[in-house]
Amino acid sequence: MFLIGQYDSPFVRRTAIALKLYDLPFQHRPWSTFGDAETIARYNPLLRVPVLVLDSGEALIDSAAILDHLDETVGPEKAMLARSGVERRKQLRTIALATGLGDKAVSLVYERVLRKEQLKLWVERCETQIAGVLAALEQERTAVATPWWYGERIGHADIAVACVLRFTTEAHPHLVDSGRYPALAAHAARCEALPVFREIVQPLAPPSGD
Ligand SMILES: N[C@@H](CCC(=O)N[C@@H](CS)C(=O)NCC(=O)O)C(=O)O
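None of these values were measured; they are calculated from a predicted model.

## Section: the site of the ligand
Part 1 of the reasoning: Around the ligand sit Ser9, Phe11, Thr33, Leu47, Arg48, Val49, Pro50, Asp62, Ser63, Val106 and Tyr110, and that is every residue in its neighbourhood.
Part 2 of the reasoning: Separating an oxygen atom of the ligand from a side-chain N or O atom of Arg48 is a distance of 3.1 Å.
Part 3 of the reasoning: Separating a nitrogen atom of the ligand from a side-chain N or O atom of Tyr110 is a distance of 2.8 Å.
Part 4 of the reasoning: For the ligand, whose accessible area on its own is 510 Å², the fraction buried by protein is 83%.
Part 5 of the reasoning: A majority-of-atoms criterion places the ligand in the largest pocket.
Part 6 of the reasoning: Class assignment of the residues belonging to the shell around the ligand gives a composition of six nonpolar, three polar and two charged.

Spelled out as structure tokens, the structure:
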């Protein structure tokens, strides 16, 4: 199977990190959503990454749907998401906050590079949403006593938060002052120190807008 997308995308990165942690072999196709749009269109008409193309040729789209399939593949014991109940709902909420923050941070990048004049109303709204989620995640992480967000082993929530934090910090450094979010900074440092995070990484290369 192969994974389409570059590792500067927090969504592609979280998918690749899960594949590695699950010991599922895959090939990487680092196609650009802008430069390689025609090639990506053959697998995803939405022109978005990540896309995971299975050996059968089936193309899975959206990081949440891809991870859902990977969880099913490795089974509930190994899956990095609680099987059911309140624990699963809490973890999904943290993931939704992190990936939603990622959506806003990506949106702001496009606003900056693709528009000649940024729409102030939209920029301010995204920045408010990013600040609100960072504050909420900071408060929640501060209350956690275990090494990982939901216990003794790493989960999708940990990975999502760390990948989105790195992306947002690189794309919009003025929005992520680590002094204001010490628990999130410590969380990110713990994740980024792991070999898999050091292997699956790419400095941000935003589209040029030309
Ligand atoms: N909800 C999607 C978001 C994926 C996403 O926004 N990917 C960006 C790259 S970071 C993309 O493909 N952007 C191109 C576009 O939307 O036109 C997921 O979780 O996979």
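## Re the layout of surface pockets
Part 1 of the reasoning: The computed volume of the largest pocket comes to approximately 1,100 Å³.
Part 2 of the reasoning: What lines the largest pocket is a set of 45 residues, and nearest its centre among them are Ser9, Phe11, Val49, Pro50 and Ser63.
Part 3 of the reasoning: A total of nine residues in the lining of the largest pocket trace back to one element, the largest contributor, which is helix H4 (residues 85-114).
Part 4 of the reasoning: Classifying every residue of the lining of the largest pocket gives 25 nonpolar, ten polar and ten charged.
Part 5 of the reasoning: When residues of the lining of the largest pocket are assigned to domains, at least three map to each of domain 1 (2-79) and domain 2 (85-194).
Part 6 of the reasoning: Taken as a whole, the second largest pocket spans an internal volume of roughly 170 Å³.
Part 7 of the reasoning: Met80, Leu81, Gln91, Tyr150 and Arg153 are, among the 15 residues lining the second largest pocket, the residues nearest its centre.
Part 8 of the reasoning: If one sorts the elements of the lining of the second largest pocket by residue count, helix H6 (residues 156-171) sits on top with three residues.
Part 9 of the reasoning: Considering only residue class, the lining of the second largest pocket consists of eight nonpolar, four polar and three charged.

## Digging into the sheet that holds strand S2 (residues 27-29)
Note on sheets: strands pair through backbone hydrogen bonds, and any given pair is parallel or antiparallel.
Part 1 of the reasoning: Spatial strand order, S2-S1-S3-S4: four strands in an open sheet with mixed pairing. Two strands lie at the open edges of the sheet, namely S2 and strand S4 (59-61), each paired on one side alone. Averaged over all neighbouring strand pairs, the angle between strand axes comes to 20 degrees, with direction disregarded.
Part 2 of the reasoning: In terms of strand pairing, strand S1 (residues 2-4) meets S2 through three bridges, oriented parallel. Counted as the bridge partner of Ile4 is Arg29 from S2.
Part 3 of the reasoning: Here helix H1 (residues 10-21) sits on the sheet and contacts S1 and strand S3 (51-53); the angle it forms with S1, its principal contact strand, is near 165 degrees.
Part 4 of the reasoning: Each of S3 and S4 touches helix H3 (residues 63-74); the most contacted strand, S4, lies at about 120 degrees to it.

## Let's talk about the domain arrangement of the chain
Part 1 of the reasoning: In terms of domain boundaries, the chain breaks down into domain 1 (2-79) and domain 2 (85-194).
Part 2 of the reasoning: Contact residues are listed per partner, giving 17 residues for domain 1 and 18 residues for domain 2.
Part 3 of the reasoning: A combined buried area of about 1,300 Å² lies between domain 1 and domain 2, and 65% of that area is made up of carbon and sulfur atoms.
Part 4 of the reasoning: For the pair domain 1 and domain 2, the number of links is one salt bridge.
Part 5 of the reasoning: Put simply, Glu192 and Arg13 hold a salt bridge, and the shortest N to O gap is 2.7 Å.
Part 6 of the reasoning: Put simply, the parts of the chain that give the side of domain 1 that touches domain 2 at least two residues each are H1 and H3.
Part 7 of the reasoning: Of the residues forming the side of domain 1 that touches domain 2, the biggest block, seven residues, is contributed by H1.

Quick notes on the rules
Residues numbered from 1 in each chain as written. Predicted model: local features only at pLDDT ≥ 70, side-chain atom pairs only at ≥ 80, totals over all residues. Heavy atoms only, no water. Near = heavy atom within 4 Å. Polar contact = N/O pair within 3.5 Å; in protein donor to acceptor, adjacent residues only side chain to side chain. Areas by Shrake-Rupley, 256 points an atom, 1.4 Å probe, with all protein chains shown as cover. 1 Å grid on protein atoms, 1.4 Å probe; cavity = no way out; pocket = protein on both sides within 12 Å on 5 of 7 lines; lining within 4 Å. Sits in = over half its atoms within 2 Å of the grid points. Nonpolar A, V, L, I, M, F, W, Y, C, P; charged D, E, K, R; others polar. Points joined across faces, edges and corners; volume = space filled by probe spheres on them. Helix = DSSP H or I, 4+ residues; strand = E, 2+ residues; numbered from the N terminus. Domains from an automatic or database assignment. Pairing = 2+ DSSP bridges. Axes fitted to C-alpha atoms, helices over the stretch in contact; angles between N-to-C directions. Contact = heavy atoms within 4.5 Å. Buried area = accessible area lost by both parts, 1.4 Å probe. Salt bridge = Lys/Arg side-chain N within 4 Å of Asp/Glu carboxyl O.

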